[in-house]
Structures are given as structure tokens and as C-alpha cells.
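Now for the letters of each chain:
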Amino acid sequence: PPTPSGSGGSGRGDGSHLTPRGGSGVRAMSRRERGPEPGGAEAAAQVAEPAEPAEPESPDQCLSLLPWDRFSAWLHCMCVVGFDLELGQAVEVIYPPHSKLTDKEKTSICYLSFPDSNSGCLGDTQFCFRFRRSPGRKVSLCCFLDQLDRDLPVYLKKDSAYYYGYVYFRQIRDKSLKRGYFQKSLVVISKLPYVHLFRTMLKQIAPEYFEKSEAFLEAVCSDIDHWPPPVPGKVLQLSIMGIIMKLRIPTYRDKPGTTPIVQNIHQADAQISMALPTVHEVDLFRCFCPVFFHIQMLWELVLLGEPLVVMAPSPAESSETVLALVSCISPLKYCSDFRPYFTIHDSEFKEYTTRTQAPPSVILGVTNPFFAKTLQHWPHIIRIGDIKLPGEVPKQVKVKKLKNLKTLDSKPGVYTSYKPYLNKDEEIVKQLQKGVQQKRPTEAQSVILRRYFLELTESFIIPLERYVASLMPLQKCISPWKSPPQLRQFSQDDFMKTLEKAGPQLTSGLKGDWIGLYRHFLKSPNFDGWFRSRQKEMTQKLEALHLEALCNENLVFWSQKHTEVETVDLVLKLKNKLLQAGREHLPVKNDTLKKLQTHINDIILALPDDLQDILLKTGTA
């Protein structure tokens, strides 16, 4: 007789009517907003409302109180990089002292923590970089951090293969030193992409560190080790050296494009309080000013995962521009590699600059003039000068031909032969130009630009979301005595057919070759990442529905009609189902899990004593 499957339904295809958690991050819209549903209205959009995953313990309960555990939830370590006359750049201090960095990671940090010599960054400079972690290292607090990661929007989820480095670099004249200059960087190494938070933190502590040295750094790290866990959705108060930073980390439940206001409450004591409007966003308008007229084309290039180089005069400009580009397709996740600041010493330098194969899908930020020759064969190059907010309306600039890019001194602009799929949106250009004329604050300009990119991305992705919702099997196909049904396969042709009646024209007035843009996107790493994520989410939903179907059966009655061998097999499979629900964080209500556990206990108690003893002691395979 059939028994419930242990696991299944990992078939190809994707899709969901659910609010995406690990997919595009675009929320499902109401029927009125969406327009008519394409064929498949009976599909699993009717399955059932998704259950919330089983409630985990609160993060404070999960987090061990061992020294440095709280620190590790935010940072990997802090480094001081100085210049040695004999060795060149060298890591002088790593704190906490037990923090582990491989020699390769230290070398990467050394070279990436200093601007290129041609940048001429006198005074204080802040920028960030991103580099590959050495493989094979275990991460402490893994379960705890994974729990927090699940509640983040997809574009803020950490990538375990990379670290971010947040740099505060100081270069000032000092006649007492042989080189005549004091050169030092204070660097925060973290897996978290919270660029604004760490930039703000370094701005507060780095100047004081350069005056007070190591004891001060120890005190800073001790303060961080008393921070609450980085829980998404909660207003957090982070105290550091007499300053309280109030902030809120977004969650996947937040409506895209909205940022809940964090109130700056007056402190009763002497501590200074500052409210951070964001933990991760950069000043979008300021970053895109040098390429003002090409924002829509750049959105297309990032969406399609095209190879892009940003050539800038300093790491500050290169890193901010790369981060702005990556964020412009939010709430979609940019799934390829990106390097806010890339140097000729990078371990991936040869891999990314070889002419023996097509340039990879990556966005590089560079400052060394050598790259103007090395990357001449790349198809899309953005050349920016010093980022300054325009005091007047920028003049129209044409896209430049790649053959005109000879050196890093070439005029600012976008060098490419790419022809955009969509017609240019003149309205956003006029709106931002008007803002410049009226001296609208850059923060307000950035809000307008961010909303424009969000609406463009949502108009593009909603037809895909709607189509994949139709790939889900009907609820009547889910039987407790069979493996969960598989998702129907994603068909490019079938999807294209839905665009005529339910395409982006329902939410966007932009004309152009949307079909061509979709065809190109379906071959890109960004689609592949989105597809895999949605496929995983849908498969988990089917597993959860299968588990609920099991709970609604009279399993004790079933066991009484079957042999002991079949009953034992059923118990083991049910136990595996429970384990799977916890391990994969299936979207199942706690009541359902408790009900299944009760079923298991009742079946075991109906068996002979010797079998009861064995099954009660047995975990699962």
C-alpha cells in the first residue's frame, strides 16, 4: 500500500502566487492593479493562503552570550592598514585578535584599503570594496544568522562567498615621517551590505582612532559586542563611543519603495542620538549625475547582467557609482559579481581582464589609468569625473563610441554601442532637471529617482510573477499518499504569449521592444538567480501543503489496517517530514507541526511495547 513520500517535487519550473521571499522581492498586486489574469487562473493561485513559517525563538534567545558572539553578528573584524617603507601596505592590527583572515584575504584587504597613487586623495576619504572569501571556512553562529537572513529582502541577503570592506582612509602631510605623509586606513570587514550604517559609524570613530590608537579600537569593538542582534524589522539602538545610532533594517514584508521613519527620540542622558534614514542606500541622484541622461539605458544594462566598467578619479566615486548601479534594479537582486573598487592586484584581475574570452557578467569600479587600456575591449564603459551636484541643468550628452575611449582622461560619459530596447522616458529627465533648477535637495531627487527605477523594475517583473503563479499545481492534485506534485515547466514561448494581454503595458506607459528585453533577460544571470529562488520557494510551498494534507488524515486508523512493517515505515517518514520542515523552514503553521507530532505519538502508542521503545528512541534518517 502507498505511504507518504519522504521528499519530492524538486522538478523544473517555478512560480507562485505568494509574496516572494527569496525571489524578485516584488509583492503580488491586487487583481485591479494587475489587470486580467492570463490562462491558468485556476492554477495554484487558488491553492491556499500561504502559512507563515514556524515561529522561531526570539533572536535574543538564540544568540549565545559567549564573548564576541554579538560582535560577529555584525562584523567579522576591524583592521588597521598602514604603509611600511619596506613592505608597502600592511595590516598592522586585526581586532578582535582571534579573528581569522587567510594570507590571501589579508593581501586583498591591504591593496583595497588604499587608493591608487594617481587618485591623490589628500585628507580623509571613505569608500568600500568587496572581495571573495577564502573557501572552506566555517562560520560561527550559522543557524542564528541564517534565521535573520531569511527575513531580509532578497537584495540585502548576505552572500557567504564575499566580504565587504568599509574604509576610512587618512592621508596628511607629516614631516616627521620619512615619506612626508601619514597614510593609514581603518577598515570594517563584514558580510553585511549595510554601506550607510558602516560609513556613518566610521565617520564617527575613525578620526578619534587616529588620535588615540589601539586602546580606543578595543573600546569600539567592546561597544559593538553589546549591540542587539541585527534583527530585520525592529528599531535598533546601537551605542558606540557615546553616540546612539537608531536604525531599522528592512524586511521582506516591507512594501518596496517605502522606508518606515525612525524617530530621533531625545536622550535623557548626555549621549548624542542620530537616526539613520537607511542602512544600505547610497545617494542615488548624486551618483548618477555625471551620466544623468543615460539612467534608463544603464538600468537595462544592469538588468541584463551586461559587463560594465566604471572608471572614476577616486575609490569614493567608483564605489558609490557601482553600488548605485547594483541598487537600481531593486527589489530584484543583482546576481552577478560586482566590485565597488577593483585594483590590478586583485586575485581576479587576470580572470576579469583576459581577452581570450568575452568579458564576464560583472560590474567593476576602477581608478587606475592602466585599466583604460586593459579593459578597452569591454562593451560598456562609464567614465565619470569628480562627482559634484550640478548647480545648473546638465546639458544633453550623447552616448560615446568605444573607439573614442583612449585613456582615463577621456571626457565623462557612457561609452557603448548598445541600443536600448525601450524608448527613452523624457518625463523623468524633465522632472529631475526641474529639481536642479529649483534647487531641490539631493535627498528628494534621490527619492524621485529611486521610485522611478522601482516602478520600471516592477512593471518589468510583474508579468513574470503572474506567469509563474500559473505554473503551480491545483490543490486537488496534492494527495497525502503520493509525492507532492511537481511544478509545471517554465516555457519561454508560453510566457511570451501572455504579454499581449498581461504585459508591462498594464503598469507602464513606456513604449519599445519589451519582448526583446524579456528574451535577453531570460538568458541573463539575474533571471537565473530569480528563477532558482522562485523554484525553491514554490517547491517548499508544495511540501508544506503536502504536510498539511497528511495532518488532515486519520493516520492512526490507517496504521490499524496495515502491517507493523508498513506502520514503522510511515512513522519514520513522518518524522523525516517534521525534520525537513524545521531544516528547510517550510511555510507551515506551528499548529500543523504539533498536530503531526501528535499523530506520530498516537501511532507509536498503538504498537507493541518493544516497537514503541525503538521508535521513541529513534530520531530520523
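Residues numbered from 1 in each chain as written. Predicted model: local features only at pLDDT ≥ 70, side-chain atom pairs only at ≥ 80, totals over all residues. Heavy atoms only, no water.

Can you walk me through the pairing of strand E3 (residues 123–132) in this structure?
Working note: regular strand, side chains alternate between the two faces of the sheet. Along E3, seven of the ten residues are buried, which leaves the element largely enclosed by surrounding structure. With ten bridges connecting them, E3 and strand E4 (residues 162–173) associate as antiparallel partners. Counted as the bridge partner of Thr-125 is Phe-169 from E4. (Buried < 20%, exposed > 50% of the residue type's maximum accessible area, 1.4 Å probe, protein only. Helix = DSSP H or I, 4+ residues; strand = E, 2+ residues; numbered from the N terminus. Pairing = 2+ DSSP bridges.)

Sorry, what's going on with the pattern of salt bridges here?
Side chains that carry opposite charge are capable of pairing whenever their charged atoms lie near each other. Summed over all chains, the structure comprises 20 salt bridges. The closest approach of N and O atoms between Asp-337 and Arg-130, which form a salt bridge, is 2.8 Å. Of the two residues, Asp-337 sits in strand E10 (residues 337–339) while Arg-130 sits in strand E3, which places them 207 residues apart along the sequence. This pair shows no difference in class: Asp-337 is buried, exactly as Arg-130 is. Linking Arg-534 and Glu-465 is a salt bridge whose minimum nitrogen-to-oxygen distance equals 2.8 Å. Taken together, the residues span a long stretch of sequence, with Arg-534 in helix H17 (residues 525–551) and Glu-465 in helix H14 (residues 442–469) at a distance of 69 residues. You'll find Arg-534 and Glu-465 in the same group, each marked buried. (Salt bridge = Lys/Arg side-chain N within 4 Å of Asp/Glu carboxyl O.)

Just to check I follow, could you spell out helix H19 (residues 564–583) for this structure?
Along an α-helix, a turn takes 3.6 residues, which lines up residues three or four apart on a common side. Between the first and last C-alpha of H19 there are 28 Å, a value that for 20 residues agrees with the 28 Å anticipated at 1.5 Å per step. Of all the positions in H19, only Glu-566, Thr-567, Val-568, Leu-570, Val-571, Leu-574, Lys-575, Lys-577, Leu-578, Gln-580 and Ala-581 are classed as buried. Where H19 is buried, its residues meet H17, helix H18 (555–560), helix H20 (590–605) and helix H21 (609–617). One or two residues past the end of H19 sits His-585, with phi positive at roughly 55 degrees. (Expected span 1.5 Å × (residues − 1). Contact = heavy atoms within 4.5 Å.)

How should I be thinking about the confidence of the model for the protein in this particular structure?
Note: predicted coordinates in regions of low pLDDT should not be interpreted at a detailed level. The pLDDT averaged across the protein works out to 82; a share of 81% of its residues lies at or above 70. Ranking the helices and strands of the protein by mean pLDDT puts helix H9 (residues 295–303) first, with 97, and helix H1 (residues 31–34) last, with 36. Under a pLDDT of 50 for its full length, residues 1–57 has, in the predicted model, 186 contacts with residues more than four places off or in other chains. (pLDDT = per-residue confidence, 0-100.)

Before we go on, may I ask you to explain unusual backbone geometry in this structure?
Glycine aside, residues mostly have negative phi, and peptide bonds are mostly found in the trans state. A cis amide bond links Tyr-95 to the next residue, Pro-96, at an omega of -5 degrees. The residue Pro-96 is located in the loop between strand E2 (88–95) and helix H4 (103–112) in this model. You will see that Met-241, though not glycine, has its phi angle at about 50 degrees, which is positive. You can see Met-241 is positioned in the loop between strand E6 (235–240) and strand E7 (243–248). Look at Met-241 and you get partly exposed, because its relative accessible area is 29%. Notably, Lys-439 is not glycine yet its phi reads approximately 55 degrees, a positive angle. Along the chain, Lys-439 falls in the loop between helix H13 (426–437) and H14. We classify Lys-439 as exposed; its relative accessible area is 69%.

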